Each structure stands twice: as structure tokens, then as C-alpha cells.
Amino acid sequence: FSPPSPHSAHASRHPHGTGAVPEREAMLCFNHMASKKDKQFGVREILRRTDVAYILIPVAILQSIFLWLEFRGGLPLGAFDTLKCSTEECQQAIPKIIHQTYKTENIPEGWASTPKAWKEQHPDWQYEFWTDERNRKLIQDHYPDFLPTYDAYPYGIQRSDAARYFILHKYGGVYADLDIQPRRPVSEILGDKELVLPQTPNFGLTNAFMASVKGSPFMEHIIKILPEHANKWYQVVRHWHIMTSAGPTFLWAQFERWSGDKSNSLIVPAGYWGKCSICKTRCKDVDTSPLHHLTGNSWFSIDSFVFNYVIMCNPVPLAVVVLFFIDLYRSGRLHNLASGKGFVSQKGPHARNVMGLSFARKWAIFFTLGAFLFYLKRMP
């Protein structure tokens, strides 16, 4: 950039029209442009030189939060036995009705034995099986104002999630997913409470197993607020849309916000109702639970896998692997390896990275950290 000559035909005119812009003003403009260019170069240079390993810091913080919520957020099993009964008699308040649902009466082979298992363990209970057709008829006949919302759900699992709340509100009883089978009568979980909701193994509540009295105030709150959450701005991916519109995350959020009387409600620890974390190979206390879990999550898709097994379970181990290969590329080592020049960086064999560590030492530490967190997340 060169300052214009005061005699140039294209020079700007003085505001008062008396001549060209003074050279001093032109030089100020030139200096400003040069300073701006240097600043842009400086930002690019900082970003180029910043070690990608620093990205692991927020990722590690995220996984630490999830671990803290998992280890500290669960209810101790020993306290549950003292909480489930308000009186010595501990008379069950929830109706002896078992509800389960599926798209049609043709239950998949892996779950085909579930209805029989519930009936055998509960011979004096009423068993109700709800198909999609029967669920919609319930909404149409008894909750017609919700029918437009119900029909507008883009995913079938959303209708299944919503229907279970209406079933429990209308009839009361116990709802259980088809991948849940009883080892013993479910009454030992219910106590004498009017609302029973289970914790997930990670944190929060789930709607895979629920119980309530007929006309439960909480279920009434749920069915009234469902339409407001059918489509929210943050429901940008399928998994999150399902979870927050009518699924487990929605249920958990509404229970926390509900201002009604919670003295007759019971939160069941994950181990007590037999649910093991998706991040673990085995869990404590699951074998002694009255409920047993088969393989479920039939509605999961690729974004569910990413959300559960990557973000929830292993964000640091995955980040370590991805950032390692990015660092290989940025340091030139990947190119040198492909060219047969060895593992030395284009910046020189003694190039230093984060905290002054060599490339090999840095990534040895990070891979050890990732392996430790992977083990910690999977241990019972």
C-alpha cells in the first residue's frame, strides 16, 4: 500500500474542496491498515502454533463432570428400604395393573417371553398390552386435545413415550419396557408410595419403568405440558429431540420443576431396579434386583451412539485418538512417515509441545490418561 500523491488525479479532495488530503492523513491510513494486517497475522500465527492437546482440557472437564454426577448423584441402596414405606403396614397404593406397549402384537423374538414372565410373577395382577393402534384410541377417546400433537410427532418412539404417561394417568399401575423382565414380584420396589420413578445408571430419571396411582397429580402435570415440548429450538438432532420432547430427559426435567407434593413419590436407585450403565460391562447390585434387563434401545440411531457411547461414556479417550492424528499431521510427522523419512517432525527432532514435553512423552501421558478414564468409566 503506497500513500497517494497529493498531485494525483485520483486523490481525495479536502472536505472543504480546497485541495488533496494531506500526506499526514494518508500515512495514518497506511499505518492503520498495516497494523490491522499484523494483528490478523498474529491471530493466525497463534492458532497455528497452539498445541492441539489443549483441546483435551475442556473435554477432560466434561468427562469429570459426568463421572462426578454418576458417582455422587445415585441414591444408596441401603437407604431405599427405609424410604419406600411411610408406615409399618406399607400397604401398596398403586393398582395391581401391568402395562406394556409395542407397535403391534408381533413382539420381536428377543422380547417375546416378557409378557409371560410378568404374568407368572404376578398371577393376581391385571396385564394390559398396548399396541400403537390402542394407544392412539386412548388419546382420541379420553384426551382428544392432545391428539394433534400426538399425530404430529415425527418419530414413533415419541408417541410410545407420550402414551405411557396417559395410560398411567387414566388407569394407574406399573409401566415397564419390553426389555425389562421380573425375577420377583415388583411390589417390593413400590412400597406404599403413589408415584415411583427410577434413576438412570448415569444421572437423572428414566421412563423405562414407572408406576403411579390413577389420576396422579404428577402424571396430570406431565400430560398438560407435553405439547409445549413437542418442538423446541434446541431439539436439533433426532436423539435429543426424542429425549427432551417426551422421553427420559423430559421426564427428569419436569419432575425437578414440578411444584406439587413429592412426599408420596419414590425415586428408585438404578441398581435396585436392575439397570446397568451403558458404559459398563457389569454393575454392582444388579444380580440381586427383582428386575432383569434384556437388550433394548431399539430406537437408537447413529446420533444416539455418538451421544451415549462417545460424549457420555468416553469423550477423553476418543479425543486423545483424534487429536493424536491431527497432531501427527500438523507436525509433519504423518507426511514423513508416508515418505519413509521416519517419525521426526518437520520442525526438528527436538521440537517441544505442551508444557515443554516432547511429542512422544506428551502423547504417552495422554494415552495413559485416556486408558485410565476408559477403565474408570467401565468399572462396576
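Keep in mind the model is a prediction, meaning the values are calculated, not measured. (Residues numbered from 1 in each chain as written. Predicted model: local features only at pLDDT ≥ 70, side-chain atom pairs only at ≥ 80, totals over all residues. Heavy atoms only, no water.)

**Re the overall build of the protein**
Per the secondary structure count, the protein includes 15 helices and eight strands. In the protein, which comprises 380 residues, the proportion classed as buried is 44%. The long-range share in the protein, meaning contacts at least 24 apart out of those at least 6 apart in sequence, stands at 75%. Per element, the accessible surface of the protein, about 21,100 Å² overall, is 58% carbon and sulfur. (Helix = DSSP H or I, 4+ residues; strand = E, 2+ residues; numbered from the N terminus. Buried < 20%, exposed > 50% of the residue type's maximum accessible area, 1.4 Å probe, protein only. Contact = heavy atoms within 4.5 Å. Areas by Shrake-Rupley, 256 points an atom, 1.4 Å probe, with all protein chains shown as cover.)

**What to know about the packing of aromatic side chains**
Overall, the coordinates contain 10 aromatic pairs when judged by the stated rule. For the ring pair tyrosine 102 and tryptophan 111, a centre distance of 6.2 Å and an interplane angle of 85 degrees mean the geometry is edge-to-face. Classification of tryptophan 111 by relative accessible area gives buried; the value is 12%. Both rings, one in tyrosine 165 and one in phenylalanine 250, keep their centres 6.3 Å apart while their planes meet at 55 degrees; by these two values the pair is tilted. Of this pair, tyrosine 165 sits in helix H7 (residues 156-171) while phenylalanine 250 sits in helix H11 (residues 248-257), placing them 85 residues apart in sequence. Each member of the pair, tyrosine 165 as well as phenylalanine 250, carries the same accessibility label: buried. Chaining the aromatic ring pairs together yields one cluster made of Tyr143, Phe146, Tyr150, Tyr153 and Phe166. In this structure, arginine 134 is placed above the aromatic ring of tryptophan 130, and the distance from its NZ or CZ to the ring centre is 3.8 Å. When the ring centre of tyrosine 155 is taken as origin, the NZ or CZ atom of arginine 238, which lies over that ring, is 5.0 Å away. (Phe/Tyr/Trp six-rings, centres within 6.5 Å; stacked < 30°, edge-to-face > 60°. Lys NZ or Arg CZ within 6 Å of the ring centre and 35° of its normal.)

**What about the state of the cysteines?**
Every disulfide links exactly two cysteines, by a covalent bond between their sulfur atoms. A full pass over the atoms with the stated rule returns one disulfide. Shown here is the disulfide that connects cysteine 85 with cysteine 90, its sulfur atoms set 1.8 Å apart. Residues cysteine 85 and cysteine 90 are joined through a disulfide that is left-handed, its torsion about the S-S bond being -65 degrees. When its relative accessible area of 24% is taken as the criterion, cysteine 85 is described as partly exposed. (Disulfide = S-S within 2.5 Å.)

**Quick word on the sheet that holds strand S6 (residues 209-212)**
The sheet built from six strands is open, its strands ordered S2-S1-S3-S6-S5-S7 with mixed pairing. One side of each edge strand has no neighbouring strand; the edge strands of this open sheet are strand S2 (126-130) and strand S7 (265-268). Averaged over all pairs of adjacent strands, the angle between strand axes in this sheet comes to 20 degrees, irrespective of strand direction. The strands that helix H5 (residues 132-142) touches are strand S1 (97-101) and S2; relative to S2, the one it contacts most, it runs at about 95 degrees. (Pairing = 2+ DSSP bridges. Axes fitted to C-alpha atoms, helices over the stretch in contact; angles between N-to-C directions.)

**Observations concerning the nonpolar core**
Within the largest apolar cluster, 32 residues are counted, with the highest numbers of intra-cluster contacts made by Tyr165, Leu197, Phe218 and Leu226. Considering every element that reaches this core, the biggest residue donor is H7, with six residues. Each residue touching phenylalanine 218, except ones within four places of it in the same chain, is listed here: Leu195, Leu197, Leu251, Gln254, Phe255 and Trp258. One finds Ile107, Ala176, Ile189 and Ala211 within the second-largest nonpolar core, a separate group that totals 27 residues. (Core = buried A, V, L, I, M, F, W, Y, C linked by side-chain atoms within 4.5 Å.)

**Things to note about the pairing of strand S5 (residues 195-198)**
Two faces make up the sheet, and in a regular strand the side chains alternate between them. Residues Leu195 and Leu197 point to one face of S5 and Val196 and Pro198 to the other, with burial holding for every one of them. Where S5 meets S6, two bridges bridge the pair, whose relative direction is antiparallel. Paired with leucine 195 across the bridge in S6 is serine 212. Pairing geometry for S5 and S7, over four bridges, is parallel. Note that in S7 the partner of leucine 197 across the bridge is isoleucine 267.

**A look at H11**
Along H11, the positions that sit buried rather than exposed are Pro248, Thr249, Phe250, Leu251, Gln254 and Phe255. Those residues of H11 that are buried are in contact with H7, S5, S6, helix H9 (217-225), helix H10 (238-245) and S7.

**Details of unusual backbone geometry**
Unlike most non-glycine residues, cysteine 90 shows phi in positive territory, near 50 degrees. Of note, cysteine 90 is situated in the loop between helix H3 (77-83) and S1. The class of cysteine 90 is partly exposed, set by a relative accessible area of 22%.

**A look at the pairing of strand S3 (residues 173-176)**
As paired strands, S1 and S3 are joined by two bridges and run parallel to one another. Along S3, the bridge assignment pairs histidine 99 with tyrosine 175. Sheet topology places S3 next to S6; four bridges connect them, and they run antiparallel. Bridge assignment links tyrosine 175 to a residue of S6, and that residue is methionine 210.

**Section: the pattern of salt bridges**
Under the criterion given, the structure shown has nine salt bridges. With a shortest N-O distance of 3.5 Å, arginine 164 and aspartate 161 are connected by a salt bridge. With a gap of three residues between them, arginine 164 and aspartate 161 both fall in helix H7, about one helical turn apart. Just as arginine 164 is buried, aspartate 161 falls in that class too. By sharing partners, the salt bridges in this structure join Asp161, Arg164 and Asp177 into a single network. (Salt bridge = Lys/Arg side-chain N within 4 Å of Asp/Glu carboxyl O.)

**Points about the confidence of the model for the protein**
Across the protein, the average pLDDT comes to 78, with 64% of residues at or above 70. A low-confidence stretch, residues 37-41 (pLDDT under 50), is modelled with zero contacts involving residues beyond four sequence positions or located in other chains. (pLDDT = per-residue confidence, 0-100.)

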